[in-house]
Amino acid sequence: MHINGDEYKDSFLAGKNIGYKYMWYCAPSEQGGYDIIAWGKSDQILYISPYNNLVILRTGKTDGGVANWVELLRALSSNI
């Protein structure tokens, strides 16, 4: 899979290096391949990193003041 930034121009995904297909999001992992993301209201996120054999579930009623949860979870997954 290749994420085409032009495809997401003028959307909330613009410039975030995150792709979308079949109701799932994806982001390149630092180790190669892609991490898979389910993204809901208030930044409730299911983050799956196949390379790291890791699943992270983020729940909450607000975004918690974090500008980009996907970047934070990507960094976290590569350091566990």
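See the structure printed just above.
What you are looking at is a predicted structure, and each value in this text was computed from that prediction instead of being measured.

A.B. asks: Go over the sheet that holds strand S1 (residues 19-21), please, and point to the residues and values.
C.D. replies: A sheet is described by the order of its strands in space; here 5 strands give the open sequence S1-S2-S3-S4-S5, paired in antiparallel fashion. Since the sheet does not close on itself, it has two edges, and those belong to S1 and strand S5 (54-58), each with one partner. Across the sheet, the mean angle from the axis of one strand to that of its neighbour is 25°, orientation sign disregarded. Note that strand S4 (residues 45-49) and S5 share 5 bridges and pair antiparallel.

A.B. asks: Just give me the short version of the nonpolar core, but keep the residues and values in it.
C.D. replies: The nonpolar side chains of a soluble globular protein tend to be buried with one another. If you look at the biggest cluster of nonpolar residues, it comprises 11 residues: Ile18, Tyr25, Ala27, Ile37, Ile45, Tyr47, Leu54, Ile56, Trp69, Val70 and Leu73. Every element with two or more residues in this core is listed here: strand S2 (24-28), S4, S5 and helix H1 (69-78). Counting residues per element, this core draws most heavily on H1, which supplies 3 residues.

A.B. asks: I'd like to hear about H1, residue by residue, with values.
C.D. replies: Within H1 the residues assigned to the buried category are Trp69, Val70, Leu73, Arg74 and Ser77. The arc enclosing the buried residues of H1, seen along the axis, measures out at 135°, which places them on a common side. Buried residues in H1 make contact with S2, strand S3 (34-39), S4 and S5.

A.B. asks: I'd like a rundown of the pairing of S5, residues and numbers included.
C.D. replies: Burial along S5 is one-sided: Leu54, Ile56 and Arg58 are buried, while Val55 and Leu57, pointing the other way, are not. Two successive antiparallel strands, S4 and S5, enclose a turn made up of 4 residues, where Asn53 displays a positive phi of approximately 55°.

A.B. asks: If you had to explain the pairing of S2 to someone new, which residues and values would you point to?
C.D. replies: Bridge analysis of S1 against S2 gives 3 bridges, and the strand direction is antiparallel. Of the residues in S2, the one forming a bridge with Gly19 is Cys26. The hairpin formed by S1 and S2 contains 2 residues between the paired strands, and Tyr22 there has a positive phi angle of roughly 55°. Pairing of S2 with S3, which is carried by 4 bridges, proceeds in the antiparallel orientation.

A.B. asks: Describe the pattern of salt bridges, listing the residues and the values that go with them.
C.D. replies: Evaluation of the coordinates by the stated rule reveals 1 salt bridge. One salt bridge connects Arg74 with Glu71, and the closest N-O pair in it is separated by 2.8 Å. Placement of both Arg74 and Glu71 in helix H1 is noted, with a separation of 3 residues, approximately one turn of the helix.

Thresholds applied
- Residues numbered from 1 in each chain as written.
- Predicted model: local features only at pLDDT ≥ 70, side-chain atom pairs only at ≥ 80, totals over all residues.
- Heavy atoms only, no water.
- Pairing = 2+ DSSP bridges.
- Helix = DSSP H or I, 4+ residues; strand = E, 2+ residues; numbered from the N terminus.
- Axes fitted to C-alpha atoms, helices over the stretch in contact; angles between N-to-C directions.
- Core = buried A, V, L, I, M, F, W, Y, C linked by side-chain atoms within 4.5 Å.
- Buried < 20%, exposed > 50% of the residue type's maximum accessible area, 1.4 Å probe, protein only.
- Arc of directions from axis to C-beta.
- Contact = heavy atoms within 4.5 Å.
- Salt bridge = Lys/Arg side-chain N within 4 Å of Asp/Glu carboxyl O.

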